[in-house]
Amino acid sequence: LREECGVSGWTLLQSLGDAVLVPAGAPHQVQSLTGTISVEQRFLSPENAARLRDQSTHPQLRAQLDGMIFSAVREAVGILRGCK
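Conventions used here
Residues numbered from 1 in each chain as written. Predicted model: local features only at pLDDT ≥ 70, side-chain atom pairs only at ≥ 80, totals over all residues. Heavy atoms only, no water. UniProt positions renumbered as here; feature names shortened; annotations may be inferred. Helix = DSSP H or I, 4+ residues; strand = E, 2+ residues; numbered from the N terminus. Rg over C-alpha atoms; globule rule 2.2 N^0.38 Å. Patch = residues over 30% accessible without salt bridge, like charges linked within 9 Å, V, L, I, M, F, W, Y side chains within 5 Å. Areas by Shrake-Rupley, 256 points an atom, 1.4 Å probe, with all protein chains shown as cover. Salt bridge = Lys/Arg side-chain N within 4 Å of Asp/Glu carboxyl O. Buried < 20%, exposed > 50% of the residue type's maximum accessible area, 1.4 Å probe, protein only. Axes fitted to C-alpha atoms, helices over the stretch in contact; angles between N-to-C directions. Parallel < 35°, antiparallel > 145°, perpendicular 65-115°, else oblique. Left-handed = near helix turned anticlockwise from the far one by under 90°. Contact = heavy atoms within 4.5 Å. Nonpolar A, V, L, I, M, F, W, Y, C, P; charged D, E, K, R; others polar.

Under an unreviewed UniProt entry, the name given to the protein is Lysine-specific demethylase, and the organism recorded is Rynchops niger. Taken verbatim from the UniProt record of the protein, the Sequence similarities (unreviewed entry) comment is "Belongs to the JHDM2 histone demethylase family." UniProt, in its Subcellular location (unreviewed entry) section for the protein, records the words "Nucleus".

Asker: Go over the overall build of the protein with me, naming the residues and quoting the values.
Answerer: Regarding its fold elements, the protein presents three helices and zero strands. Tracing the protein from N to C terminus, the helices and strands come up as α-α-α. Taking 12 Å as the expected radius of gyration for a compact globule of 84 residues, we find that the protein reaches 19 Å, considerably beyond that expectation. Seen through its C-alpha atoms, the protein measures out along the principal axes to roughly 45 × 35 × 25 Å.

Asker: Any details on the UniProt feature "domain: JmjC" (unreviewed entry) in the protein? Residues and values, ideally.
Answerer: In the UniProt entry, the feature "domain: JmjC" (unreviewed entry) is given for residues 1-60. Helix makes up 27% of residues 1-60 and strand 0%, whereas the separation of the span's terminal C-alpha atoms amounts to 37 Å.

Asker: Give me a nonpolar patch on the surface: which residues, what numbers.
Answerer: A contiguous nonpolar surface patch, about 290 Å² in accessible area, is contributed by Leu44, Leu52, Leu61 and Met68. Mapped onto the elements of the fold, Leu52 is located in helix 2 (residues 46-55). The exposure class assigned to Leu52 is partly exposed, which follows from its relative accessible area of 35%.

Asker: Pulling in residues and values, what's your account of the packing of helix 2 against helix 3 (residues 59-82)?
Answerer: Two numbers describe how helix 2 lies on helix 3: the axes approach to 9 Å, and their chain directions differ by 155 degrees. Here helix 3 runs roughly antiparallel to helix 2, going by the angle between their axes. In the packing of helix 2 onto helix 3, the handedness of the crossing is left-handed. Counted together, Pro46, Ala49, Ala50, Leu52, Arg53 and Asp54 of helix 2 and Arg62, Leu65, Asp66, Ile69 and Ala72 of helix 3 form the full contact between these two elements. Looking at the contact of helix 2 with helix 3, its residues break down into seven nonpolar, no polar and four charged.

Structure, rendered in structure tokens:
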């Protein structure tokens, strides 16, 4: 990739208790050196969920995204109410 696209990789040694944030869309590869437990959290912003919903023609996906958007808005309203 470096020769073709000018992209170079990074090596990261993660220790116990460390968290690693991989930006959305960034390709990555993981090599476990010992037995591990991996915890993953995916994040979809309400703005991107709405955009994805508008572009989708699949009814089930649209319904799931509607639920995600509703939950995000409900949570935001709850947070704002608590800031009074």
